[in-house]
Structures are given as structure tokens and as C-alpha cells.
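Spelled out from the first residue to the last, the chains are:
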Amino acid sequence: MQTLLILGRNPTISIAEVRAVYPRAKICAREKKFAIFEGIETIDLKKIGGVIKTGEVFARELVYREDNLKDKDAQKIYDFLAEEFSQKEGKQIFGFSVYPFDSKTLKTLLIGAKKFLQKKGISSRFANKNFTNLTNPQSEFEVLKKGGVEILAVRGSGNWFFARLKQNQPFDDYKKRDYEKAFRDARVGMLPPKLAQMMLNLGIADKKDLRIYDSFCGVGGILVEAALLGHRVIGSDLDSRMVEFSQKNLAAMNLSGEVFVHDAKEKLNESDYRKYDVVVSEGYLGPPRRTVPEENIRAKIFAELQQLYSKFFAWLDCRRVVICFPIYLEAGIPKYFASREILPILKEMGWEMKNTEKLIYSRPDQTVGREIVVLERQ
Ligand SMILES: C[S@@+](CC[C@H](N)C(=O)[O-])C[C@H]1O[C@@H](n2cnc3c(N)ncnc32)[C@H](O)[C@@H]1O
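Residues numbered from 1 in each chain as written. Predicted model: local features only at pLDDT ≥ 70, side-chain atom pairs only at ≥ 80, totals over all residues. Heavy atoms only, no water.

K.L.:
Explain the overall build of the protein to me, please; I cannot follow it from the model alone.
P.N.:
Secondary structure assignment for the protein yields ten helices and 17 strands. Oriented by its inertia axes, the alpha-carbon framework of the protein measures out at about 75 × 45 × 40 Å. For the protein, the share of sequence-separated contacts (at least 6 apart) that also reach a separation of at least 24 residues comes to 71%. Total accessible area on the protein is roughly 18300 Å²; 49% of this is exposed by carbon and sulfur atoms. Once the 62 positive and 50 negative side-chain charges of the protein are each reduced to a mean point, those two points are 4 Å apart. (Helix = DSSP H or I, 4+ residues; strand = E, 2+ residues; numbered from the N terminus. Contact = heavy atoms within 4.5 Å. Areas by Shrake-Rupley, 256 points an atom, 1.4 Å probe, with all protein chains shown as cover. Lys, Arg positive; Asp, Glu negative; His and termini not counted. Charge placed at Lys NZ, Arg CZ, Asp CG, Glu CD.)

K.L.:
Is there a simple way to explain the domain arrangement of the protein in this structure?
P.N.:
When the parts of a complex come together, some accessible area is lost, and that lost area is often taken as the interface size. We note that the domain assignment places domain 1 (2-169) and domain 2 (180-377) within the protein. For domain 1 and domain 2, the distance between their C-alpha centroids amounts to 36 Å. Counting residues at the interface gives 18 residues for domain 1 and 16 residues for domain 2. A per-residue breakdown of the area domain 1 buries against domain 2 is headed by Asn10, Ile13 and Lys47, which together make up 34% of the total. The shortest N-O distance in the salt bridge between arginine 30 and glutamate 357 comes to 3.2 Å. At seven residues, the largest contribution of residues to the side of domain 1 that touches domain 2 is made by helix H1 (residues 11-21). Of the residues that constitute the side of domain 1 that touches domain 2, the class distribution is six nonpolar, six polar and six charged. (Domains from an automatic or database assignment. Buried area = accessible area lost by both parts, 1.4 Å probe. Salt bridge = Lys/Arg side-chain N within 4 Å of Asp/Glu carboxyl O. Nonpolar A, V, L, I, M, F, W, Y, C, P; charged D, E, K, R; others polar.)

K.L.:
Explain the packing of helix H5 (residues 171-179) against helix H6 (residues 193-204) to me, please; I cannot follow it from the model alone.
P.N.:
In a packed pair of helices, the relevant descriptors are the angle between the two axes and the axis-to-axis distance. At their nearest, the axes of H5 and H6 sit 9 Å apart, and the two run at 105° to each other. By the angle between their directions, the pair H5 and H6 is classed as roughly perpendicular. On the side of H5, the interface is formed by Tyr174, Arg177 and Asp178, while H6 contributes Pro193, Lys194 and Gln197. (Axes fitted to C-alpha atoms, helices over the stretch in contact; angles between N-to-C directions. Parallel < 35°, antiparallel > 145°, perpendicular 65-115°, else oblique.)

K.L.:
How should I be thinking about the site of the ligand in this particular structure?
P.N.:
Neighbouring residues of the ligand: 21 residues in total, closest Val219, Asp237, Asp263, Ala264 and Glu282. Taking glycine 221, its main chain carries an N or O atom lying 3.3 Å from an oxygen atom of the ligand. Alanine 264 places a polar main-chain atom, nitrogen or oxygen, 2.9 Å from a nitrogen atom of the ligand. Within the complex, 90% of the 600 Å² of free accessible area of the ligand lies under protein. Its residues placed into classes, the shell around the ligand shows ten nonpolar, seven polar and four charged. (Near = heavy atom within 4 Å. Polar contact = N/O pair within 3.5 Å; in protein donor to acceptor, adjacent residues only side chain to side chain.)

K.L.:
In this structure, what is going on with the side chain of lysine 53? I would like to understand it.
P.N.:
Mapped onto the elements of the fold, lysine 53 is located in strand E4 (residues 51-62). Side chain to side chain, lysine 53 and asparagine 136 meet in a polar contact 3.4 Å long. At a separation of 3.4 Å, a polar atom in the side chain of lysine 53 contacts the side chain of glutamate 150.

K.L.:
Help me out: how do you make sense of H1 in this one?
P.N.:
Since the α-helix packs 3.6 residues into each turn, any two residues three or four apart lie on the same face. The buried fraction of H1 amounts to eight of the eleven residues, a majority that puts the element mostly inside the structure. Taken residue by residue, H1 has Ile13, Ser14, Ile15, Ala16, Glu17, Val18, Ala20 and Val21 as its buried positions. (Buried < 20%, exposed > 50% of the residue type's maximum accessible area, 1.4 Å probe, protein only.)

K.L.:
Can you help me understand the pattern of salt bridges in this one?
P.N.:
Applying the stated criterion across every chain, the model contains 23 salt bridges. Here glutamate 56 makes a salt bridge to lysine 166, at a shortest N to O gap of 3.8 Å. Of this pair, glutamate 56 sits in strand E4 while lysine 166 sits in strand E8 (residues 159-168), placing them 110 residues apart in sequence. On the basis of relative accessibility, which here comes to 44%, the residue lysine 166 falls in the partly exposed class.

K.L.:
Quick question: what am I supposed to make of the environment of asparagine 136 here?
P.N.:
Topologically, asparagine 136 is positioned in helix H4 (residues 136-143). Setting aside its immediate chain neighbours within four residues, asparagine 136 contacts Ile52, Lys53, Asn168, Gln169 and Phe171.

K.L.:
Even after reading the chapter, I still don't get the packing of aromatic side chains, so can you show me in this structure?
P.N.:
The description of an aromatic ring pair rests on the distance of the ring centres and on the angle between the ring planes. One pass over the full model with this rule turns up 17 aromatic pairs. With centroids separated by 6.4 Å and ring planes inclined at 90°, the aromatic side chains of phenylalanine 141 and phenylalanine 171 adopt a geometry described as edge-to-face. In this pair, phenylalanine 141 sits in helix H4 while phenylalanine 171 sits in helix H5, placing the two residues 30 residues apart along the sequence. For phenylalanine 141, a relative accessible area of 44% gives the class partly exposed. Ring plane angle 65° and centroid distance 6.4 Å describe the contact between tyrosine 309 and phenylalanine 312, whose orientation is recorded as edge-to-face. Of this pair, tyrosine 309 and phenylalanine 312 both sit in helix H9 (residues 295-315), separated by three residues, roughly a single helical turn. Three or more aromatic residues link up through ring pairs in this structure, and these residues are Phe216, Tyr309, Phe312, Phe313, Trp315, Phe325 and Trp351. Between the NZ or CZ atom of arginine 274 and the centre of the ring of phenylalanine 260, over which it lies, the distance is 3.7 Å. (Phe/Tyr/Trp six-rings, centres within 6.5 Å; stacked < 30°, edge-to-face > 60°. Lys NZ or Arg CZ within 6 Å of the ring centre and 35° of its normal.)

K.L.:
Mind showing me how you'd approach the nonpolar core here?
P.N.:
Generally speaking, soluble globular proteins have nonpolar side chains that are buried together. One finds Met199, Leu200, Leu202, Leu250, Val280 and Ile372 to be the most contacted residues of the largest nonpolar core, which totals 34 residues. Per element, the largest residue contribution to this core is seven residues, and it comes from H6. In contact with leucine 250, other than residues within four places in its own chain, are Leu223, Val224, Ala227, Val233, Leu255, Gly257 and Val259. (Core = buried A, V, L, I, M, F, W, Y, C linked by side-chain atoms within 4.5 Å.)

K.L.:
Would you mind showing me how to read the pairing of strand E13 (residues 320-330) here?
P.N.:
The side chains of a regular strand alternate between both faces of the sheet. With nine of eleven residues buried, E13 lies mostly within the body of the structure. Bridge analysis of strand E12 (residues 278-281) against E13 gives four bridges, and the strand direction is parallel. Residue valine 279 lies in a different strand from E13, and its bridge partner there is valine 321. In the classification by handedness, the crossover that spans E12, the intervening H9 and the parallel E13 is right-handed. Inspection of the sheet shows E13 paired to strand E17 (residues 368-377) by nine bridges, in the antiparallel sense. Paired with isoleucine 323 across the two strands is valine 373, which belongs to E17. Examined bridge by bridge, E13 and strand E14 (residues 333-337) share four bridges and lie antiparallel to one another. Across the sheet, glutamate 330 pairs through a bridge with isoleucine 333, a residue of E14. The turn linking E13 back onto E14 is made up of two residues, and alanine 331 within it adopts a positive phi angle of 50°. (Pairing = 2+ DSSP bridges. Right-handed = clockwise from strand over helix to strand, strands pointing away.)

Here is the structure:
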């Protein structure tokens, strides 16, 4: 079975996350917004931050020179819908999402499917209002929950792939965890839960019941997500207020974890409850900035981070670490990478970067972005 994954806003990180969680799955096609895998039998979108929809591929069609699909190319979809609805009573609901979005193709599919179903004696209506792709809530409440069928039509470089939608990302849960945190701080704790989950998956891979340590835990975004994924959590921060916020955010969700004040430059005294298997942390990104610092200030910030991280990685007692280093963006483009100063020192200490592609999480309106690195001690 081939599984279609519609990727989130940072497709490179999404792909790295999926590969980490499903190391045996084979990638069959990869485009900017989607990827097709073989060997992913079940996937739970509550646990994968970087995938927004999944579908089961049922057919493919060669890509012709013209960009948009014609009725004759879409016959396999119409047959599929007719077969799905053939035993059902009443008006049937269907919907389409086309990637990359193309209104001509969407119109062809909506009208073509409706006409074909009518010819087969099946009464139907489509859920795509205004001839646009379905939003996640439309797809969830106006198609899936009403027993309808949504078809994802994605255009790769050689083929169109047609898939039946299986799952939508639980958008409401993420939104609640992001915006309705019990304890927030304007300067800290802006780590989106989806990113926390992606980082955790890069560290945990397909393992169960690990002890995860966030040594720069802030208000506890990573701790909460790790505990929700079913792992034991340990957190520390230099700032006692942050430790308190983390403890309260865990408690507000009925989750437990050990959180204490600690300077990450110092060796942790590992009593039993402080043992950990993997470190997953947003780390410290340097002082908050509205503008890109001048070269001399930048050099100073990067030198301080280099010192912090060389001390931190020197005492760490685990094999795998997932952490973010800051990047300064100029006109929305990632320009100055702290990792250039930090990684060579870590390499000398025996820590090797394991991600093969650069994993950058940033928005064009940001000054400070994050580069995620997966490190392993050799
Ligand atoms: C970017 S924030 C982490 C935010 C966190 N991911 C969250 O969800 O709230 C960085 C945190 O590192 C902490 N910090 C800075 N230097 C530290 C050090 N030397 N040891 C431990 N924590 C430190 C800060 O107090 C801050 O809470």
C-alpha cells in the first residue's frame, strides 16, 4: 500500500521526522508539498507534527504536457467514487483537494465526478465551496464526519497520484496546546507544539517509553509533548520562574515530570529520577532580537553560545541530542548560522551531526530562526 502524506509548512523537517519514525518505510515520490511512502501501515496524526493529511493511494495517471487534469485522465477517480457509493442510500458527499492547487483541475474534478455519479444513478453533492481546496475543518466536519469521501489529487513530476483521504491533523488540539497554555511568558515558550513534536520524533525515532530530558525547558513545551507521546520527562532551566511554569503546565494537563533548577553548563548530578536516554531541547537561542545584530555583536553572541554548548555537551551522558541553534534572517532569508561556530567544536568533542539535510524552522517575518540539529556521540 502506498501512503500519501501532505506535508506541513516545513517539508524538509516533516520528511526527516517521518523517516525517523518509520525507518523501514520506502519513499516513492517526493515533491514540495507531499511525499508518497510504502511500508507505513498505520500512522497516527496525533503523534506526527509535520504531516497535515494522509491518504491511501488508489491510482496514478501519467502527467501530460498540459498542467491541468482532463476528464479522461480522471476516470479512475470517478470509478472509485461510484464504487464507494454504489451500496449506499441517499445523497452522497464528496470533496477534492488538489496539490499544487489548480482551480481548473479542481473544477473539472468536481463537475466531472458529479456528472458521472448522476449517470450511474447516484445522487451526490460536493463540499468544496467556492471551488477551492477543502480546509482541514471543512474536510473533517463536512466530509469525513458525514460519511463522505475526500479525494486528494497530487501532481508529481511524472505522475498524478489519486488517494482517498484517511486522516486530518487534529488542528484543534494543537491550537489549544499552543494558545491556551496555562502559563506563558512573552519572551519564552513560543515553541509551537508541532515543532516540539517533530523534534521529539527526530530524537525518539520508533522507540517507546524513553526518558526525555529538556535541559533548557522554559515553560515546558517539549516536556508536555514528550509526556503526551507517552515518555517520561525530566526538565531543568536556569530560571526558577520557568521551572515553576513548566511544573504548572504539566500539572494543568494532568501530566507528571521531574523539573528542577539547573545551569546546563554544569554536570547534572544524576540521581535515579534524573537519568535520561535522549536530550530534546529548543536550547538557548541567545538574547531576543528585533533586528540582526551587527557583526561584532553577532560574533560575541555566537562565541557565548559556543562556550555554553561546549560546556553542556562535555558532560552530557547520553548518545543522542536534538537541539536548536539560532539563525539570524535578513529580509526573511536565513543568513547567519550559529551552528557554523558551534558544530566544529562539538565535532572535535566526538559529537556528529546526523541529519543529512539542513533543518530550518523560520518564518520570513522573523529575525531569529531555528536550525534543528540531530547529534550523536561517536
Ligand atoms: C528558548 S527558551 C526555551 C523555551 C522552551 N522550549 C519553551 O517551550 O518554553 C531558552 C531557555 O533557556 C534557559 N537558559 C538560558 N541559559 C541557560 C543555562 N545556562 N542553563 C539552563 N537554562 C538556560 C532560559 O531561561 C530559557 O527558559
